[in-house]
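What follows is the residue order along each chain.
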Amino acid sequence: MIVVKSLTKKFDDDVILNGINMNVKKGSIYGIIGPNGSGKTTLLNHLVGVYRQDSGEIVINEKNIYDNADQKQSMAYMQDEIYAYPQYTIKNMAGFYKEMYKSWDDDRYKKLKEIFDIDDKKRITKLSKGMKKQVAFCFALSKTPEILIMDEPIDGLDPIARRKLWNVVIDDVAKREMTVIISSHNLKELENMCDTILILDKGKSVIERSIEDLTQDVHKIQYVLEKPELEDELIGWLNVISKEKMGTISVIVVKGDWKGIEQKMNEYNPVVLDKLNLTLEEVFIHEMEGLGYAIKNQTI
Amino acid sequence: MLQIDYESRAPIYEQLVDKIKNLIVKNVLKPNEQMPTVRDLASNLTINPNTVQRAYRILEENGYIYSVTGKGSFVSEKLDLIKEDQIKDEIGKLKVVIGRLENLGVHIEYKIKEGVDEK
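Thresholds applied
- Residues numbered from 1 in each chain as written.
- Chains lettered and ligands numbered in written order.
- Predicted model: local features only at pLDDT ≥ 70, side-chain atom pairs only at ≥ 80, totals over all residues.
- Heavy atoms only, no water.
- Helix = DSSP H or I, 4+ residues; strand = E, 2+ residues; numbered from the N terminus.
- Buried < 20%, exposed > 50% of the residue type's maximum accessible area, 1.4 Å probe, protein only.
- Contact = heavy atoms within 4.5 Å.
- Areas by Shrake-Rupley, 256 points an atom, 1.4 Å probe, with all protein chains shown as cover.
- Lys, Arg positive; Asp, Glu negative; His and termini not counted.
- Charge placed at Lys NZ, Arg CZ, Asp CG, Glu CD.
- Pairing = 2+ DSSP bridges.
- Axes fitted to C-alpha atoms, helices over the stretch in contact; angles between N-to-C directions.
- pLDDT = per-residue confidence, 0-100.
- Phe/Tyr/Trp six-rings, centres within 6.5 Å; stacked < 30°, edge-to-face > 60°.
- Core = buried A, V, L, I, M, F, W, Y, C linked by side-chain atoms within 4.5 Å.
- Parallel < 35°, antiparallel > 145°, perpendicular 65-115°, else oblique.
- Left-handed = near helix turned anticlockwise from the far one by under 90°.
- Nonpolar A, V, L, I, M, F, W, Y, C, P; charged D, E, K, R; others polar.
- Domains from an automatic or database assignment.
- Buried area = accessible area lost by both parts, 1.4 Å probe.
- Expected span 1.5 Å × (residues − 1).
- Arc of directions from axis to C-beta.

Looking only at helices and strands, chain A has 11 helices and 14 strands in total. With respect to the three principal axes, the spread of C-alpha positions in chain A is 75 × 45 × 40 Å. Put simply, chain A has 300 residues, and 49% of those count as buried. Of the contacts made within chain A by residues no fewer than 6 positions apart, 69% connect residues no fewer than 24 positions apart. Put simply, chain A shows about 15300 Å² of open surface, and 47% of that area lies on carbon and sulfur atoms. The positive charge centre, built from 42 side chains, and the negative charge centre, built from 48, are 6 Å apart in chain A.

Residues and elements named next belong to chain A. The antiparallel open sheet is built from 4 strands, whose spatial order is β12-β13-β11-β14. Where the open sheet ends on each side, the last strands, each with one partner, are β12 (239–246) and β14 (270–277). With strand direction ignored, the average angle separating the axes of adjacent strands in the sheet is 20 degrees. Note: strand β11 (residues 218–225) against strand β13 (residues 249–255), 6 bridges, orientation antiparallel.

With that out of the way, let us pick up the confidence of the model for chain B. Scored by pLDDT, chain B comes out at a mean of 86, with 94% of its residues at no less than 70. With pTM at 0.84, the complex prediction returns an ipTM value of 0.77.

In this section: the packing of aromatic side chains. Residues and elements named next belong to chain A. Across all of its chains, the model carries 13 aromatic pairs over all chains by this definition. Centroid distance Tyr 97 to Phe 139: 5.0 Å. Interplanar angle 50 degrees. Geometry classified as tilted. Here the residue Tyr 97 occupies a position in helix α3 (residues 90–100), and Phe 139 occupies one in helix α5 (residues 129–142), the gap between them amounting to 42 residues. By relative accessible area, which is 4% here, Phe 139 ends up buried.

Another aspect to go through is the nonpolar core. Proteins that are soluble and globular tend to have nonpolar side chains buried together. Of all hydrophobic cores here, the largest spans 76 residues; its most connected members are Phe137(A), Phe139(A), Leu148(A) and Leu16(B). Residue contacts for Phe139(A): discarding those within four places in its chain leaves Ile82(A), Ile90(A), Met93(A), Ala94(A), Tyr97(A), Trp104(A), Tyr109(A) and Ile124(A). Counting residues in hydrophobic clusters, the runner-up holds 23 residues, among them Ile2(A), Leu7(A), Tyr30(A) and Ile58(A).

It is worth spelling out the packing of helix α1 (residues 12–25) of chain B against helix α3 (residues 49–61) of chain B at this point. Residue and element names in this part refer to chain B. Between α1 and α3, whose axes approach to 9 Å, the crossing angle comes to 50 degrees. Here α1 is positioned oblique relative to α3, judged by the angle of their axes. Here α1 runs over α3; the crossing is right-handed. Note on element contacts: α3 touches α1 through Thr 51, Val 52, Arg 54, Ala 55, Tyr 56, Ile 58 and Leu 59, opposite Ile 12, Tyr 13, Leu 16, Val 17, Ile 20 and Lys 21. For the contact of α1 with α3, the per-class residue count stands at 10 nonpolar, 1 polar and 2 charged.

Attention shifts here to the domain arrangement of chain B. How big an interface is tends to be expressed through the accessible area that disappears when the partners come together. Residues and elements named next belong to chain B. In terms of domains, chain B is made up of domain 1 (12–77) and domain 2 (78–119). Taken together, the 8 residues of domain 1 in the interface contact 5 residues of domain 2. Taken together, the two surfaces of domain 1 and domain 2 that pack against each other cover about 610 Å², and 60% of this comes from carbon and sulfur. In terms of surface lost to domain 2, no three residues of domain 1 exceed Val 25, Tyr 64 and Glu 77, which account for 58% of the buried area on that side.

To continue, consider the sheet that holds strand β1 (residues 2–11) of chain A. Residues and elements named next belong to chain A. Taken together, the 4 strands give an open sheet; going across it, the order is β2-β1-β4-β5, and neighbouring strands pair in antiparallel fashion. Each of the sheet's edge strands pairs with one partner strand only, and the pair in question is β2 (14–24) and β5 (63–64). With 2 bridges connecting them, strand β4 (residues 55–60) and β5 associate as antiparallel partners. Residue pairing across strands places Ile 60 opposite Lys 63, the latter belonging to β5.

Okay, α3(B) next. Its 13 residues place the ends of α3(B) 18 Å apart at the C-alpha level, agreeing with the 18 Å of an ideal helix rising 1.5 Å per residue. Residues of α3(B) that are buried: Pro49(B), Thr51(B), Val52(B), Ala55(B), Tyr56(B) and Leu59(B). Seen end-on, α3(B) carries its buried residues on one side only, within an arc spanning 160 degrees. Its buried side turned inward, α3(B) meets α6 (159–176) of chain A together with α1, α2 (38–45), β1 (65–68) and β2 (72–75) of chain B. Directly beyond the C-terminal end of α3(B), a positive phi value near 80 degrees is found at Gly63(B).

Written out as structure tokens, the structure is:
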């Protein structure tokens, strides 16, 4: 169990994290999304105890993480950019990690190397971006971590490597209840993979909710009323987030329980009434629009 | 055995529940047959194991499967319940078609026996 309370961090005068709250259950897959520069990587750096917060708390298994070497042993952090000494081969680096971490497992490392088809005689600095990611993933998982934290893990990976990565993660979540925290911009994959999503914006946690609540609490509805003049009255009853009109067809995005919404809409005799669940990407865009990130008609 | 539409807007657990129900109703998965483990199914489909767990929980609540501690999940033998569910489902579909025909001005008189529903 990971609990973050009112986490705040400033670098000089810039407030990077501003009162973040998080609750991550053991064995869950937790996704962090947010616009560029919203503080995702800084937050992850706090979770692994690399940065020390100005105020607030990060409690992992009932203990503060900063300076807690024992807890750090059971965590793996796959950073967006892997650090390696210039002359080091993959094999050298694996040896380095083996020295560093008590829980390093040579058998696991060997299996992971096979899965990802890694030639460990290569120098890390010579690898492509996607290859580096796969190597970093193998290093992280060779520790048999209790908590796996990944910053943009699938960015730059080909579809097959992505599949492989997820399958290893899934196996460890199912087999030994590994907890996973992922930041990514690939909302489709997060939607399929995560239990809970945290949306960050300008260092604040905007939303933390289970994926079902997020995507099924918001509906996109297309309708045409028999009496269009009653439209404003109908809209007044609903919690409408956005509204568009294409000819006689209205498209609205509404929050709330679908059964209640449907019942209300049916009172107004719709000639056409279609409902779509929103995807995580659409939810994200709508939430961000609410925070002033409107997508304008952009021409240069 | 199962296919998930990753592009669909329907939640994955819901797709799983529907597909498995279908396999049970069609007798592809037979009474008392062991269901794949959560881990196998999750790996196989590359989805979150907690999603599979959730689907299994719903199937168990609806009486389609039962679980034996330490052994896993099995297909229920109470086929009556399942059949009733299927009948309701098919009648529902039929009523949609009848509704469409009526909208086109075709008057239909019908009666459904077996005491499930009547009009």
